[in-house]
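Working through the structure, step by step
Take a look at the letters that make up each chain.
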Amino acid sequence: MATPAAMSTPIAPPPPAARSVAIIGAGVAGLRAAQALLSTATAPSSSSSNPPLHIHLIEARPRLGGRAVTSGTPFAFSTCGSSSSGNTPSAWTGPGRSVDLGPNWVHGTAESPLMGLAGEDGEIVLADPFAKRGGSSMVTNGGNGSTGAGFGNGNGGGGMVQIVCGDDGIDPKAVGEEVEMLGSGRDGVKGRLVKRDIGGEVFDEVMSAVMGAEGYSKEFYGVGRPNGSVEVEEEEEIDERWSLWDYARVVVGVRFGIDIDVDLGPEVPSHVTKDEKWERERRRIEKWERARFARDRRLGNTTQNGIRSPERAKMFMRMLEFWGGWIGEDVRRQSLRCFLMEEGMEGENLLVASTYGPIVENMAGPIYEAVKQGRLTLSLNTKVTAVRITSCELGSRPTVEVTMVSTVDGDNGGLKTNTYTAAILAVPLGVLKRSFPAPHASTFPTSTSAPLTIHPPLPLRAINAIRSLGYGRLEKIYLRFSAPFWASIKANVISFLRADHPSLPPAPGNVPRQGQLLMFSFAGLPSGCAQNGILVYLFGEASEGLVRAVREAEARQKRSSSSGVYGAPKALEPGDGGYEVVEGFLEPYLQLLWELAQAEATSVLDINAGNRTGAGKRRPRPTHVLTTSWCEDALSGWGSYTNFPVGLTEGIEDVEALVGVGGGDYPLWLAGEYASPLKALGTVAGAWWSGEGAAEEVMRWFGSGGGGRGTGSGVRKVR
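Let me begin by describing the structure that accompanies this report. None of the values given here were measured: they were computed from a predicted structure.

Along the chain, the regular secondary structure elements total 15 helices and 24 strands. In the chain, which comprises 719 residues, the share counted as buried stands at 60%. Look at the contacts in the chain between residues 6 or more apart in sequence, and 75% of them connect residues 24 or more apart.

Written as structure tokens, this is what we have:
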């Protein structure tokens, strides 16, 4: 198959057809929009009565896929304006070595359009890390069939172990030996292992609370009067200050029989001012949860009996912090009012063990073919700086002027402006946030990238939506070892609770620690996909802190081609300054993992067993480390994907406003994971559907003579 560079025409000439569409951004939304237009538009040989359509796909990066990128992809390590860092290190290229830098899950396998894609080898391999080993994988060919349990769907945490960091995290005597001592005390690192059956029970309670919060949000979002499922005293909107964390504090009071403020106190604080409005919301949530708890006990869906158990309540709240990896921010920033927007699609949520590489390549195939046919012009390394919609003249319809510039190093070709009949703006939400910043918005990490200007501006309701929706900060760290020293644990997921325990040593560069840290073992992936590696998720302040510390360390050392480059992934080896930062940050967790692995291998979990193999010894160091830097990448919008923060009041209406842009005398449409059906917001499937829906709207607009808008086939409907 041809390479993207060979098919690209930087700073392309004006479109050759009477009808033309510029698609700005070649991520999943832009690629799907181009595919949909190609499948419905008229071929070049058609009659003049139905003029052909020419598509210009414009992408600032030197590759296709946007945030959906695999380490083995050419130019995966390049950033806008710096193609010199595009060579992928051999340690992260090829079968058993490539990893996803962007999305690496398929959400809602029963509905996701990605299930119908297959690579050149005819298969996509998916796995459920949370399931027990031996039953965690599936192979799809054209999207047929599935096995394994979805994320948290009643598997009892069988594929996961939970470690509480620190020596005062859980009192074994208070919970009937539900945890066991762990850690040699090396460098002050200690922890306690939660027994798997107990951890599974508590984790199931956490997932029940998540579903309860979702139901509560559905019940009371946007209504002046509930529909009567639960009797309530107050009939008002959910207090926008409440988070998922605050909701869970009420849950543990009901299910674990405690006074959350007295029994847990400052360890699990609320971040909402306790006024009269707060108290009304607390009473309503308590009634809701008491009704749910009574039903669960009647149906046998809970292991709790309401008897006082503050230690289990602590464990519950710490496990809840896993949600930060779901939204790319601390769980305390997840809106309760708009939590229904996190509902998701039907089916399982599975890891793409074979990486997104074949999926993106499949999507790119029709693009390359259309370039050969002359139906599409592809311009890589081309950044759009301005979009201007001309005003209507009598008897004519508006057009779209797109100004662009080459991003190739040393290219001084200057600005180029082309005119199109219509345009689809398929850029990340973060890019739009830079174009329409909220008053008093915080500064962005870099000042070198000017914002995209749009004139006339988007409708005011859409601008307010852009400002209101959240944008997560999720980063990935991949660790490669000579051998999987943790194999004896026989778990795919290792969860570190209280990962910010004050007894842990300070992190290099003063990188803040997050409350819960998840590691995914790649050693147990299906055959052909397994690696001697671990994936670590960071989010929020920890993400920004680590990315900054790694970049600064590399810049001081100037040892890698991406030293000091904002937004570039970093491939690191022992001796690199960035490697030492990452390894130092993860040291306490890796040491506890090493201790647990040695204990499992010898069937001993006694801290006093000094003769245990590996006790107190230095654990193996990674041979290679790879970190992403999305929160410093201007083209991704300085972040990862959309979320719904505390303070958001009209989340659904915000998304509807973004989906509703375009049509009439404003021939510019938005496409991205932020402008999709509710069930797919923030996902690759959402980006796909959004691009497809935008293309349908464009074709209906053409069919109406450029003066109206249609409703599409339904993929543009939000709810």
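Here the narrative resumes.
Leaving glycine aside, a negative phi is the common case for residues, and trans is the common case for peptide bonds. His455 connects to Pro456 through a cis peptide bond whose omega is -10°. Residue position: Pro456 is located in the loop between strand 15 (453-455) and helix 11 (460-468). Of note, Phe75 is a non-glycine position whose phi angle comes to about 70°, a positive value. For Phe75, a relative accessible area of 29% gives the class partly exposed. In this structure, Arg498 is a non-glycine residue whose phi angle is positive, near 50°.

Our next topic: the side chain of Asn418. Secondary-structure assignment places Asn418 in strand 13 (residues 416-420). Within the local environment of Asn418, its side chain forms a polar contact with the side chain of Tyr420, the two groups lying 3.2 Å apart.

This next bit is on the pattern of salt bridges. Evaluation of the coordinates by the stated rule reveals 43 salt bridges. Measuring nitrogen to oxygen at the nearest pair gives 2.7 Å for the salt bridge that ties Arg473 to Glu329. Separated by 144 residues along the polypeptide, Arg473 in the loop between strand 16 (470-471) and strand 17 (474-480) and Glu329 in the loop between helix 8 (323-327) and strand 9 (350-352) bring together distant segments of the chain. Grouping residues by exposure puts Arg473 and Glu329 together as buried. One salt bridge connects Arg619 with Glu583, and the closest N-O pair in it is separated by 2.7 Å. Of this pair, Arg619 sits in the loop between helix 13 (577-602) and strand 22 (624-627) while Glu583 sits in helix 13, and the two are 36 residues apart along the sequence. Note on Arg619: relative accessible area 2%, which makes it buried. Its relative accessible area of 6% is what places Glu583 among the buried residues.

The next point concerns helix 6 (residues 276-299). Here helix 6 spans 35 Å end to end across 24 residues, near enough to the 34 Å set by a 1.5 Å rise per residue. Within helix 6 the residues assigned to the buried category are Trp278, Glu281, Arg284, Ile285, Trp288, Glu289, Arg292, Phe293 and Asp296. On its buried side, helix 6 packs onto helix 3 (196-220) and helix 4 (244-255). Gly300 lies just past helix 6 and shows a positive phi near 75°.

Spatial strand order, 10-2-1-14-24: 5 strands in an open sheet with parallel pairing. Bordering the open sheet on either side are strand 10 (376-379) and strand 24 (668-670), each of which pairs with just one other strand. Averaged over all adjacent pairs, the angle separating strand axes in this sheet is 15°, with direction ignored. Two elements, strand 2 (residues 53-58) and strand 10, share 4 bridges in a ladder whose sense is parallel. Bridge assignment links Leu57 to a residue of strand 10, and that residue is Leu378.

So, on to the packing of helix 2 (residues 28-40) against helix 15 (residues 684-703). Where helix 2 contacts helix 15, the two axes come as close as 7 Å, and the packing angle between them is 40°. With respect to helix 15, the axis of helix 2 lies oblique. Judged by the twist between their axes, the crossing of helix 2 over helix 15 is right-handed. Residue-level contacts link Val28, Ala29, Arg32, Ala33, Gln35, Ala36, Leu37 and Thr40 of helix 2 to Val684, Ala687, Trp688, Gly691, Glu692, Ala695, Val698 and Met699 of helix 15. A per-class count over the contact of helix 2 with helix 15 returns 11 nonpolar, 3 polar and 2 charged.

In total, this model carries 23 aromatic pairs according to the counting rule given. When the ring of Phe485 is compared with that of Trp486, the centres are 5.1 Å apart and the planes differ by 90°; the resulting orientation is edge-to-face. For the pair Phe485 and Trp486, a shared accessibility class is recorded, and that class is buried. Among the aromatic residues, ring-to-ring pairing joins Phe203, Phe322, Trp323, Trp326 and Phe339 into one connected group. Here the guanidinium or amino end of Arg19 rests over the ring plane of Phe702, the centre of that ring lying 4.9 Å away. One Lys or Arg, Arg284, reaches over the ring of Phe220 and ends 4.3 Å from the middle of that ring.

Spatial strand order, 13-12-11-15: 4 strands in an open sheet with mixed pairing. The open sheet has two edge strands, strand 13 and strand 15, and neither has a second partner. The sheet shows a mean angle of 25° between the axes of neighbouring strands, taken without regard to direction.

Taking burial as the measure, the 7 residues of strand 20 (residues 533-539) include 7 buried ones, the bulk of the element. Residue alternation in strand 20 divides its side chains into two sets, Gly533, Leu535, Tyr537 and Phe539 and Ile534, Val536 and Leu538, and both sets are buried. Looking at chain direction, strand 17 and strand 20 are connected through 7 bridges and run antiparallel. Pairing of Ile477 across the sheet is with Val536, part of strand 20.

Turning our attention to the side chain of Lys476. Looking at the secondary structure, you find Lys476 in strand 17. Buried Lys476, no salt bridge; nearest opposite-charge side chain is Glu475, N-O distance 7.4 Å. Here the side chain of Lys476 touches Gly102 through a polar contact of 2.8 Å, landing on its backbone oxygen. Ignoring any residue separated from it by four or fewer positions in sequence, one finds Lys476 in contact with Asp100, Leu101, Gly102, Asn104, Leu535, Val536, Tyr537, Leu626, Thr627 and Thr628.

In contact at an axis separation of 10 Å, helix 4 and helix 7 (residues 310-320) are set at 160° when each is read in the N-to-C sense. One element, helix 4, and the other, helix 7, form an angle in the roughly antiparallel class. Here the hand of the crossing between helix 4 and helix 7 comes out right-handed. Judged by residue contacts, Leu244, Trp245, Ala248, Arg249, Val251 and Val252 of helix 4 engage Ala313, Phe316, Met317 and Leu320 from helix 7. Residue composition of the contact of helix 4 with helix 7, by class: 9 nonpolar, no polar and 1 charged.

A few words now on the pairing of strand 6 (residues 160-165). Moving residue by residue along a regular strand, the side chains alternate between the two faces of the sheet. The buried fraction of strand 6 is high, at 6 of 6 residues. Side chains of strand 6 alternate between two faces, with Met160, Gln162 and Val164 and Val161, Ile163 and Cys165 buried alike. Alignment of strand 6 against strand 18 (residues 493-497), held across 5 bridges, turns out to be parallel. Looking across to strand 18, one finds that Met160 is bridged to Val493. Where strand 6 lies against strand 8 (residues 191-194), 4 bridges are found, and the strand directions are antiparallel. Among the inter-strand pairings, Gln162 is bridged to a residue of strand 8, identified as Val194.

Scoring rules and cut-offs
Residues numbered from 1 in each chain as written. Predicted model: local features only at pLDDT ≥ 70, side-chain atom pairs only at ≥ 80, totals over all residues. Heavy atoms only, no water. Helix = DSSP H or I, 4+ residues; strand = E, 2+ residues; numbered from the N terminus. Buried < 20%, exposed > 50% of the residue type's maximum accessible area, 1.4 Å probe, protein only. Contact = heavy atoms within 4.5 Å. Polar contact = N/O pair within 3.5 Å; in protein donor to acceptor, adjacent residues only side chain to side chain. Salt bridge = Lys/Arg side-chain N within 4 Å of Asp/Glu carboxyl O. Expected span 1.5 Å × (residues − 1). Pairing = 2+ DSSP bridges. Axes fitted to C-alpha atoms, helices over the stretch in contact; angles between N-to-C directions. Parallel < 35°, antiparallel > 145°, perpendicular 65-115°, else oblique. Left-handed = near helix turned anticlockwise from the far one by under 90°. Nonpolar A, V, L, I, M, F, W, Y, C, P; charged D, E, K, R; others polar. Phe/Tyr/Trp six-rings, centres within 6.5 Å; stacked < 30°, edge-to-face > 60°. Lys NZ or Arg CZ within 6 Å of the ring centre and 35° of its normal. Lys, Arg positive; Asp, Glu negative; His and termini not counted.

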